[in-house]
Amino acid sequence: MHTHWGSKLGFVLATAGSAVGLGNIWRFPYLIAQNGGGAFLLVYLLCVGLLGYFLLTAKITFGRIAATNFIDGFQKVTNGAASRLWSRLGGFLTIFNVFFVSAVYVVVIGWTLSYVVASAQNLIGFSSVAIDKNLFETLTASYGTQLFWGILCIVVTSLILIRGVKGGIEKTSLYLMPFLFLLLIFMVAWMFMIPGSEKGLKFLFTPNWADLGITESGFDIHKLAHVALLALGQAIYSLSLGMGVCFIYGSYLKPNTDIKKSGLWVVILDTLVATLASMIVVPAVFAFGLESNQGPGLSFITLPFVFSQMAGGKIFMFVFFLLLFVAALTSLISIYEPVINLLIERKGLSRKMATMCVAGMNVILSAVVLASFTGHLSWTILGKNLFDCADYVTGSYTMGLMVLIYCVFMGWKIWPQIRDNLKIKNKIFENYFSFVIKILSPIILVLLFIMA
Ligand code: PHE
């Protein structure tokens, strides 16, 4: 029997929990900082509002209509008329993405957990660990330490998932998401009080058009396209599209939930967290006169330095990494769920067994990509170590490809069902919705591949 959520709120918070993750708090602030502040924010908001919302809502609806696992779904909604190629392709890509995204995700969430513990030690005065560049370099060079933290995160995730959709995923989200918002608001309020932070806020909310390639002397289309694709890729990642999560979370929905509204909530919460996280990270860095365009090291090197200079910095440091960890945990949970559900429904495994299989696979793949990352394994693909390669291939190609396949299927095979199930009444809304799914998204995604 395919299960159901206990409540609408549970569904919204679980889906928002999936969406809000490392992408919002770790990745988004550095993308903004590197790409023109307010200008990037604006392009991102356009991507989310004009495309992301519709893709998310459609995928949730497809899931609800199918009410089964992501492989049988294609046949079920067409009464067996859809070619097997759809489920083979969709199924293969989902499994590929789930395993390779989680392999990378676990490493980063492991770093986060180790920072939570180190900053907690400093806070209670139990010991004193200098949280700085050195710590990050030592951590990322050590295979054993990273694997240890990664496996610990996998164990926590599995313990939650074993308890089921309602008792595990939903209950955890009902507690953790409000907690996450409290932490965020606390940090933003504190940041406002720090002298010099207004420079960062100004940078965030005043678009620098030159960074988009728009200057008085002309218009650099390549630059603009580059930023737009970056923003769209981030929107797809942040809204958890491209891994079967929205589909499977939608499949647990009851018929009376208004997906248009719930989807809107998820998109708003996700975008709000990304914006608030940037309002913490970017001003913090500006207030201390540091460079904010540091890329991935921003959260793990620059920010700890900033916190260590601030009054009350020990508390701030702990709260920030706790926030990052909580956000990432609810995302990792969601990444496992599509495959767990598949193993239960297609292979007849118990939930416990299915969770252990996915977790075991995650341990193995993380161990391999990590070994390549630390240089213990000399394999490279496309000139990259396996960690960077997995991140690059899923982020630039396979997640987008999966969204493309779903778009074509939903737009050209089952659009009337999606429309009716969503109960769309407004004609303009309906026309725009079908235009986005059938034409606009596929074209943009194909362009994305060509340019990538
Ligand atoms: N949305 C998550 C984040 O922002 C990542 C994620 C992608 C989770 C795809 C599930 C599926 O970190």
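The coordinates are above.
Note that the coordinates shown come from a computational prediction; the quantities given were computed from them, not determined experimentally.

Once that is clear, we can look at the state of the cysteines. Considering all chains together, one arrives at zero disulfides under this definition. Cys 246 takes part in no disulfide bond, and the closest cysteine sulfur, belonging to Cys 407, lies 12 Å away.

Using the criterion set out here, one finds seven salt bridges in the structure. A salt bridge links Asp 72 to Arg 346; its shortest N-O distance comes to 2.6 Å. In this pair, Asp 72 is assigned in helix 4 (residues 72-77) and Arg 346 in helix 14 (residues 313-347), connecting sequence segments 274 residues apart. Classification of Asp 72 by relative accessible area gives partly exposed; the value is 26%. Taking relative accessible area as the criterion, Arg 346 reaches 43% and is therefore assigned partly exposed. The salt bridge involving Arg 351 is made with Glu 337; its shortest N-O contact spans 2.6 Å. With Arg 351 in helix 15 (residues 351-373) and Glu 337 in helix 14, this pair connects stretches of sequence that are 14 residues apart. Across this residue pair, the class does not change: Arg 351 and Glu 337 are buried. Where salt bridges share partners, they join Arg 419, Asp 420, Lys 427 and Glu 430 into one cluster.

Residue placement: Thr 302 occurs in helix 13 (residues 297-309). When residues no more than four places from it in sequence are discounted, the contact partners of Thr 302 are Val 285, Leu 290, Glu 291, Gln 294 and Gly 297.

Since the α-helix packs 3.6 residues into each turn, any two residues three or four apart lie on the same face. For helix 8 (residues 165-192), with 28 residues, the first-to-last C-alpha span of 39 Å sits near the 40 Å given by 1.5 Å per residue. The largest bend along helix 8 reaches roughly 25° and is located at Leu 174, with the proline Pro 178 sitting one to four residues downstream.

What follows covers the layout of surface pockets. One way to see where empty space is left: roll a probe the size of a water molecule over the atoms. In this structure, the largest pocket spans a volume of roughly 1100 Å³. Along the wall of the largest pocket there are 37 residues; nearest its centre are Arg 27, Asp 391, Tyr 392, Gly 395 and Ser 396. Those elements giving two or more residues to the lining of the largest pocket turn out to be helix 2 (22-34), helix 5 (84-124), helix 10 (221-238), helix 16 (386-412) and helix 18 (427-451). Residue composition of the lining of the largest pocket, by class: 23 nonpolar, 11 polar and three charged. Contributing elements (two or more residues each) for the lining of the second largest pocket: helix 3 (38-66), helix 10 and helix 18. Looking at the lining of the second largest pocket residue by residue, the classes come out as 14 nonpolar, no polar and no charged.

Now for a nonpolar patch on the surface. A surface patch of nonpolar side chains, amounting to about 790 Å² of accessible area, comprises Trp 412, Phe 435, Ile 439, Ile 443, Val 446, Leu 447, Ile 450 and Met 451. It is helix 18 that contributes the most residues to the nonpolar patch, seven residues altogether. Considering the arrangement of structural elements, one finds Trp 412 in helix 16.

Relative to the elements of secondary structure, Ser 83 occurs in the loop between helix 4 and helix 5. Sequence spacing of Ser 83 and Phe 192 is 109 residues, and the spatial spacing of their C-alpha atoms is 56 Å. Here Leu 85 takes part through its backbone nitrogen, which lies 2.9 Å from a polar atom of the side chain of Ser 83.

Further remarks concern helix 5. Helix length check: helix 5 (41 residues) gives 58 Å between terminal C-alpha atoms against 60 Å at 1.5 Å per residue, within 8%. Residue Ser 83 occupies the N-cap position of helix 5, its side-chain oxygen lying 2.9 Å from the main-chain nitrogen of Leu 85. Looking one or two residues beyond helix 5, the residue adopting positive phi is Gly 125, at roughly 70°.

Another aspect to go through is the environment of Lys 59. Relative to the helices and strands, Lys 59 resides in helix 3. The buried category is assigned to Lys 59, whose relative accessible area is 2%. Aside from chain neighbours lying at most four places away, what touches Lys 59 is Leu 241, Gly 242, Met 243, Gly 244, Cys 246, Phe 247, Met 402, Tyr 406 and Met 410.

Bringing the packing of helix 2 against helix 12 (residues 259-287) into the picture now. Relative to each other, helix 2 and helix 12 sit at 65°, their axes nearing to 8 Å. For the element pair helix 2 and helix 12, the recorded crossing hand is right-handed. Each of Asn 24, Ile 25, Phe 28, Pro 29 and Ile 32 in helix 2 lies in contact with helix 12, whose residues at this interface are Asp 270, Val 273, Ala 274, Thr 275, Ala 277, Ser 278, Val 281 and Val 282. Along the lines of polarity and charge, the residues of the contact of helix 2 with helix 12 split into nine nonpolar, three polar and one charged.

Trp 5, Phe 62, Leu 180, Tyr 249, Phe 300 and Phe 320 are the most contacted members of the largest nonpolar core, which totals 165 residues. For this core, the element with the most residues is helix 14, which contributes 21 residues.

Looking now at empty space enclosed by the protein. Going through the model one piece at a time under the given rule, you end up with three cavities of 30 Å³ or more. Considering only enclosed or pocket space, the largest cavity measures out at about 140 Å³ in volume. Every residue lining the largest cavity is counted, 19 residues in all, and those nearest its centre are Ser 18, Tyr 105, Tyr 237, Ser 240 and Ile 335. Where the lining of the largest cavity is concerned, the elements lending two or more residues are helix 1 (8-19), helix 2, helix 5, helix 10 and helix 14.

Parameters and conventions
Residues numbered from 1 in each chain as written. Predicted model: local features only at pLDDT ≥ 70, side-chain atom pairs only at ≥ 80, totals over all residues. Heavy atoms only, no water. Disulfide = S-S within 2.5 Å. Salt bridge = Lys/Arg side-chain N within 4 Å of Asp/Glu carboxyl O. Helix = DSSP H or I, 4+ residues; strand = E, 2+ residues; numbered from the N terminus. Buried < 20%, exposed > 50% of the residue type's maximum accessible area, 1.4 Å probe, protein only. Contact = heavy atoms within 4.5 Å. Expected span 1.5 Å × (residues − 1). Bend = angle between axes of the 7 residues up to and from the residue. 1 Å grid on protein atoms, 1.4 Å probe; cavity = no way out; pocket = protein on both sides within 12 Å on 5 of 7 lines; lining within 4 Å. Points joined across faces, edges and corners; volume = space filled by probe spheres on them. Nonpolar A, V, L, I, M, F, W, Y, C, P; charged D, E, K, R; others polar. Patch = residues over 30% accessible without salt bridge, like charges linked within 9 Å, V, L, I, M, F, W, Y side chains within 5 Å. Areas by Shrake-Rupley, 256 points an atom, 1.4 Å probe, with all protein chains shown as cover. Polar contact = N/O pair within 3.5 Å; in protein donor to acceptor, adjacent residues only side chain to side chain. Axes fitted to C-alpha atoms, helices over the stretch in contact; angles between N-to-C directions. Left-handed = near helix turned anticlockwise from the far one by under 90°. Core = buried A, V, L, I, M, F, W, Y, C linked by side-chain atoms within 4.5 Å.

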